[in-house]
Amino acid sequence: MAMKEDLEKRIHTLAEWLYESRHLVVFTGAGISTESGLPDFRGPEGIWTRRDKGLPPKPMSRSWDSVEPNSGHIAIVDLQEMGKLKFLISQNVDNLHLKSGISPDLLAELHGNMTKLRCTRCGKKVDRSDGRTICGCGGKLVSSVVDFGEPLPEKDLGLSFEHSRRSDLFVVVGSSLVVTPVSDMPLEALRSGAKLVIINRGETPLDHHGSLRFNEKIGDVLPRAVKRLRRLMGLFE
Ligand SMILES: [Zn+2]
């Protein structure tokens, strides 16, 4: 009971901070997608575990197209629609943010996107389902997913750091923040005076910096905070 009341209180605080924020940056990791039924990315055969060993992802038993965004993804889209979200940084390659309706202009996909190919010459991203191998510019189209040891996409990385620096509220959703340079982004935000919120099951190295910490399921936190924010903004369903 006490835990529940405490959760309620923290959700209210999060909603108030979202309400006051002028430059909200949300940062997502695999944790948000496991709530969509995606395999545990950090499990023994998880995408990330394999990636860290330099192995490609194991083929999934169902197609990526059949995986749907969950209430956590939708809550972030709601923040976009309410004009609150200024930038979304994601470590995920599952396309669920774009599928849920996030504007490509507001999104950095630091590790690429399973459904997209990237032109080696002009950097343009093309849907894999188009079946093309050559870009309009003549460049070769290759997987946009960043393999272990490969550099992160420069433009996405640059934008992510820029928005981290400008942020006054930085919300980590489902990431254990163990991989650099991504773990530097919330630190960059903190240095600029931002409040840091961490919604993640399990510890992160920045827990002692977290102004507000949720160890609960994302789906039990973010949609409720957004609902409360909607009321604060005088918007009603
Ligand atoms: Zn091209």
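Treat the numbers as computed from the prediction; the structure is a model and nothing was measured. Within every chain, residues take consecutive numbers counted from 1 along the sequence as written. The predicted origin of the model limits local features to residues at a pLDDT of at least 70 and limits the giving and counting of side-chain atom pairs to 80 or more, whereas totals for whole chains, interfaces and linings rest on all residues. Side-chain metrics rest on all non-hydrogen atoms present in the structure, leaving aside hydrogens and water.

Time to look at the coordination of the zinc ion. Here the zinc ion is held by C119 (SG), C122 (SG), C135 (SG) and C137 (SG), and the distances to it run 2.2 to 2.3 Å. Atoms of type N, O and S within 2.8 Å of a metal are treated as its donors, and for Na, K and Ca the window is 3.2 Å; water is not considered, so some sites may appear to be missing partners. Every geometry call rests on angle ranges, with four donors termed tetrahedral when all angles are between 85 and 135 degrees, four termed square planar and six termed octahedral when opposite donors are over 155 degrees apart and all others are between 65 and 115, and everything else termed irregular. For the zinc ion, the four donor atoms are set out with angles of 100 to 117° between them, so the coordination reads as tetrahedral. Positions of the donor residues of the zinc ion, expressed as sequence spacing, correspond to C-x2-C-x12-C-x1-C. Of this pair, C119 sits in strand β4 (residues 116–119) while C137 sits in the loop between β5 (125–127) and β6 (141–143), placing them 18 residues apart in sequence. Think of it in three bands: with a 1.4 Å probe and only protein chains considered, a residue is buried below 20% of the maximum accessible area for its type, exposed above 50%, and partly exposed in between. Among the residues examined, C119 registers a relative accessible area of 1% and is labelled buried. Put simply, DSSP H or I for four residues or longer makes a helix, DSSP E for two residues or longer makes a strand, and each gets a number counted from the N terminus.

Helix α7 (residues 184–191) packs onto helix α6 (residues 154–166) with a crossing angle of 30° between their chain directions and a minimal axis gap of 7 Å. The orientation of α6 with respect to α7, classified from their angle, is roughly parallel. Contacts between α6 and α7 pair L157, S160, F161, S164 and R165 from the former with D184, M185, E188 and A189 from the latter. Of the residues in the contact of α6 with α7, the class split is four nonpolar, two polar and three charged. To define axes, lines are fitted to C-alpha atoms, for helices over the stretch in contact only, and angles between the resulting N-to-C directions are given on a 0 to 180 degree scale. Note that the term roughly parallel is reserved for angles under 35 degrees, roughly antiparallel for angles over 145, roughly perpendicular for angles of 65 to 115, and oblique for everything else. Residues are treated as being in contact if the distance between any of their heavy atoms lies within 4.5 Å. Side-chain classes follow a simple rule in which Ala, Val, Leu, Ile, Met, Phe, Trp, Tyr, Cys and Pro form the nonpolar group, Asp, Glu, Lys and Arg form the charged group, and the remainder, Gly included, forms the polar group.

The next point concerns unusual backbone geometry. Here N95, not a glycine, exhibits a phi torsion of approximately 70°, which is positive. Following the sequence through the fold, N95 ends up in the loop between β2 (85–90) and α5 (96–100). Phi at L177 takes a positive value of approximately 55°, unusual for a residue other than glycine. Structurally, L177 is set in the loop between β7 (169–173) and α7.

What follows deals with helix α4 (residues 71–81). Along α4, the residues classified as buried are G72, H73, A75, I76, V77, L79 and Q80. A side-chain oxygen of the first residue of α4 lies 2.8 Å from the backbone nitrogen of G72; this N-cap is N70. Between N or O atoms, a polar contact is any pair within 3.5 Å; within protein, one atom must be a potential hydrogen donor and the other a potential acceptor, and residues adjacent in sequence are included only when both atoms are from side chains.

Strand order in this open sheet of six strands is β3-β2-β1-β7-β8-β9, and the pairing throughout is parallel. One side of each edge strand has no neighbouring strand; the edge strands of this open sheet are β3 (107–109) and β9 (212–214). Taking the axes of each pair of neighbouring strands and ignoring which way they run, one obtains an average angle of 15° across the sheet. Strand pairing requires that DSSP identify at least two bridges connecting the strands. As paired elements, strand β1 (residues 24–28) and β2 share five bridges and run parallel to each other. By the bridge assignment for β2, F27 is matched with I89. Helix-sheet contacts for α4 involve β1 and β2, and the interaxial angle to β2 is about 150°. Against the sheet, α7 touches β1, β2, β7 and β8 (195–199), its axis set at about 155° to β7.

Okay, the sheet that holds β6 next. Strand order in the open sheet made by the three strands is β5-β4-β6, with antiparallel pairing throughout. Where the open sheet ends on each side, the last strands, each with one partner, are β5 and β6. Averaged over all neighbouring strand pairs, the angle between strand axes comes to 40°, with direction disregarded. Strand direction decides the pairing type here: β4 and β5, joined by three bridges, are antiparallel. Bridge assignment links K116 to a residue of β5, and that residue is D127.

Right, let's get into the pairing of β4. In this structure, the hairpin formed by β4 and β5 is closed by a connection of five residues, where G123 is found at a positive phi of approximately 85°. Two strands pair when backbone bridges link them, and β4 and β6 are joined in this way by three bridges, in the antiparallel orientation. Opposite L117, over in β6, you have S143 as the bridge partner.

Our focus in this paragraph is helix α8 (residues 222–232). Restricting attention to buried positions, one finds in α8 the residues L222, A225, V226, L229 and R230. Viewed along the axis of α8, the buried residues span an arc of 145°, placing them on a single side of the element. Looking one or two residues past α8, G234 carries a phi angle of roughly 75°, positive in sign. The directions considered for the arc are those from the helix axis to the C-beta atoms.

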